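Structural overview for review
The lines below spell out each chain.
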Amino acid sequence: MKDFLISAPFGNYITHNKCTSVYGTYTLYKRGTLMTRLYRAVRTIRPTKNGWVNNIGLQNPGIKSLKRFDPEKIYSITAIQPEEWDEMINYISENITVELNLSCPNIEQKTEINDNQVINYINRFPVVIFKLSPTREIYNQADRLVGLGAKYLHIANTLPTSRGGESGKR
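Parameters at a glance
Residues numbered from 1 in each chain as written. Predicted model: local features only at pLDDT ≥ 70, side-chain atom pairs only at ≥ 80, totals over all residues. Heavy atoms only, no water. Helix = DSSP H or I, 4+ residues; strand = E, 2+ residues; numbered from the N terminus. Buried < 20%, exposed > 50% of the residue type's maximum accessible area, 1.4 Å probe, protein only. Contact = heavy atoms within 4.5 Å. Salt bridge = Lys/Arg side-chain N within 4 Å of Asp/Glu carboxyl O. Core = buried A, V, L, I, M, F, W, Y, C linked by side-chain atoms within 4.5 Å. Phe/Tyr/Trp six-rings, centres within 6.5 Å; stacked < 30°, edge-to-face > 60°. Polar contact = N/O pair within 3.5 Å; in protein donor to acceptor, adjacent residues only side chain to side chain. Arc of directions from axis to C-beta.

By secondary structure assignment, the location of Ala-142 is in helix α4 (residues 138-147). Look at Ala-142 and you get buried, because its relative accessible area is 15%. Taking the C-alpha atoms as reference, Ala-142 lies 8.4 Å from Leu-132; in sequence the two are ten residues apart. Among all residues touching Ala-142, those that are not within four sequence positions of it are Leu-132 and Leu-153.

In this section: the pattern of salt bridges. Taken as a whole and assessed by the stated rule, the structure comprises three salt bridges. Note that Lys-73 is salt-bridged to Asp-70, the shortest N-O span being 3.5 Å. The partner of Glu-94 in a salt bridge is Arg-124, with the nearest N and O atoms 3.4 Å apart. Placement of the pair is Glu-94 in the loop between α2 (84-88) and β6 (97-101) and Arg-124 in helix α3 (residues 115-124), with a sequence separation of 30 residues. With a relative accessible area of 47%, Glu-94 lands in the partly exposed category.

On to the nonpolar core. Grouped together as the largest cluster of nonpolar side chains are 27 residues, with contacts concentrated most on Ile-63, Ile-77, Trp-85, Met-88, Ile-92, Leu-100 and Tyr-121. Not counting residues up to four positions away in its chain, the partners in contact with Ile-92 are Ile-63, Phe-69, Ile-77, Val-98, Arg-124 and Phe-125.

With that settled, the discussion passes to the packing of aromatic side chains. Scanning the entire structure with this criterion turns up three aromatic pairs. Between Trp-85 and Tyr-121 the ring centres are 5.8 Å apart and the planes differ by 85°, which places this aromatic pair in the edge-to-face class. Here Trp-85, found in helix α2, pairs with Tyr-121, found in helix α3; they are 36 residues apart in sequence, far enough to count as distant. Among the residues examined, Trp-85 registers a relative accessible area of 0% and is labelled buried. Among the residues examined, Tyr-121 registers a relative accessible area of 1% and is labelled buried. Three or more aromatic residues joined by ring pairs form one cluster here, namely Trp-85, Tyr-121 and Phe-125.

Now for the environment of Cys-19. By secondary structure assignment, the location of Cys-19 is in strand β2 (residues 19-26). Judged by relative accessible area, which is 18%, Cys-19 ranks as buried.

What follows deals with the side chain of Asn-101. With respect to the helices and strands, the residue Asn-101 is situated in strand β6. A distance of 3.3 Å separates the side chain of Asn-101 from the side chain of Thr-25, its partner in a polar contact.

Along α4, the positions that sit buried rather than exposed are Ile-138, Gln-141, Ala-142 and Leu-145. The buried residues of α4 occupy an angular sector of 95° when projected down its axis, which confines them to one face. When the buried face of α4 is taken as reference, the exposed residues oriented beyond 90 degrees from it are Tyr-139, Asn-140, Asp-143 and Gly-147. Packed against the buried residues of α4 are α3, β7 (127-131) and β8 (152-154). Just downstream of α4, Gly-149 is the residue with a positive phi angle, here 115°.

Spatial relationships are all this shows, so hold off on functional conclusions.
Pasting the structure below:
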């Protein structure tokens, strides 16, 4: 992994030889067709006064669509239902870096992961990054995850707005 990361969704479309791209965020099951995903990406990723807004809503082909994994990339994943974490772990190659997105603002339900699931991911993969929203609840989340063995936290996720998740100055 290189020192600089290009986060999802931008990592899906942009690569640079001095950066590691974060691919995803993948869910267990497909969400939207290819045309829907492209349309939502083009339609909703917009510059704003404060940075960028996206409202892609986790449109993706599903983790099962990947036939091979590139160890030079990071794969961002999330579960819509808590039990999906247990199923998803079996579809991912053990030699890659994963980012567990626990904070997508573009879906209604909050993504939950239990302590055993956190430990299973930490024990299976060489590097596990936990992506959290920079909100007040982050302190309790970070304490819990670090207490379970987490070494990497990504705390610069998007904030919810009426137009979608906002990244940038705020």
